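Fold and contact review
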Amino acid sequence: MTGRVEGKVAFITGAARGQGRSHAIRLAQEGADIIAIDICEALPENPYPPATEEDLAETVRQVEALDRRIVARKADVRDFDALKAAVDEGVAELGRLDIVAANAGIAGTYNTGENIPEYDWSNMIDINLSGVWRTCKVAIPHLKTSGGGSIIITSSDAGLFAFPNLAHYVSAKHGLVGLMRTLALELAADFIRVNSVHPTVVNTPMVNNDATFRLFRPDLENPTVEDFKAAAVSINALPIAWVEPVDISNAVLFLASDEARYVTGITLPVDAGAIAK
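The rules we used
Residues numbered from 1 in each chain as written. Predicted model: local features only at pLDDT ≥ 70, side-chain atom pairs only at ≥ 80, totals over all residues. Heavy atoms only, no water. UniProt positions renumbered as here; feature names shortened; annotations may be inferred. Salt bridge = Lys/Arg side-chain N within 4 Å of Asp/Glu carboxyl O. Helix = DSSP H or I, 4+ residues; strand = E, 2+ residues; numbered from the N terminus. Buried < 20%, exposed > 50% of the residue type's maximum accessible area, 1.4 Å probe, protein only. Expected span 1.5 Å × (residues − 1). Arc of directions from axis to C-beta. Contact = heavy atoms within 4.5 Å.

The protein has the name Short-chain type dehydrogenase/reductase in an unreviewed UniProt entry, where Agromyces bauzanensis is given as its organism. Under the UniProt heading Sequence similarities (unreviewed entry), the note attached to the protein is "Belongs to the short-chain dehydrogenases/reductases (SDR) family."

In structure tokens:
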């Protein structure tokens, strides 16, 4: 099956690399044009290198190679005005908006709840929870103008159960479920569907970094990716350490497509059975 989102336009946050780039490419493969944003800047205390403007340009290159249009802007989900300008400019150029993939987020630093610095807590909530709310807020008027659409919020398995040393991340990702369910009810009359996806560990720079390796293998002085991989297998029911970004993108594509036209208000795990374990 091809052309599952033909003629539609998707707005994707955190699109410079990782899951966001994967979503842009997968939706473009199925016929969508793309509005892409990313902060493309380092964040204080974030334990892995940031996406860059060159990364965002590579997303543009790969989407255009599929003969789809893309409007890419450098923007921060903490900045409502910048988000609104990016979406408004994208819709003005591409003509409409049908799909929102609210994907941008950070892992933050790892600490017990009582030891999380004030900055880390506030920044996590502002990006991973409030940033998704802002993304939805700037997009909803355009979705209404288009006669409906689909909002897909990237949460996490940590939005459905807890992980130690991640109280700020778990709180933000749980909050997204409440936001999703509320928006699903508020927007149903406008035929705007709202759902969340809940990945297990995904093979991206957000988890494949030294800080994560040390979190999973505190018994080792200098754990490697192979040490992390062995520990990560224990999270999932299926005997794998992680899923690939395209596995999440395929779920996003389903929720964005007419195949899911009556699916709203759900939490969709893509987690190798981690929740069932």
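A few words now on the pattern of salt bridges. Per the stated rule, a full pass over the model turns up 14 salt bridges. Across the pair Arg73 and Glu89 runs a salt bridge, and its minimum N-O distance is 2.7 Å. Linking Arg73 in strand 3 (residues 70-74) with Glu89 in helix 3 (residues 80-94), this pair joins segments that are 16 residues apart in sequence. Taking the shortest distance from any N to any O, the salt bridge between Asp98 and Arg96 comes out at 2.8 Å. Asp98 gets classed as buried once you look at its relative accessible area, which sits at 6%. Using a relative accessible area of 32% as the deciding quantity, one classes Arg96 as partly exposed. Through salt bridges with shared partners, a single ionic network connects Glu6, Asp33, Arg68 and Arg69.

What follows covers helix 2 (residues 53-65). A rise of 1.5 Å per residue sets the reference length of helix 2, with its 13 residues, at 18 Å; its end C-alpha atoms lie 18 Å apart and thus fit the reference within 8%. Taken together, the buried positions of helix 2 are Leu56, Thr59, Val60 and Val63. Along helix 2, the residues classed as buried sweep out an arc of 100° about the axis, all on the same side. Of the exposed residues in helix 2, those oriented more than 90 degrees away from the buried face are Glu54 and Ala65. Close packing links the buried residues of helix 2 with helix 1 (18-29), strand 2 (33-38) and strand 3. At the exit of helix 2 stands Asp67, carrying a positive phi of roughly 65°.

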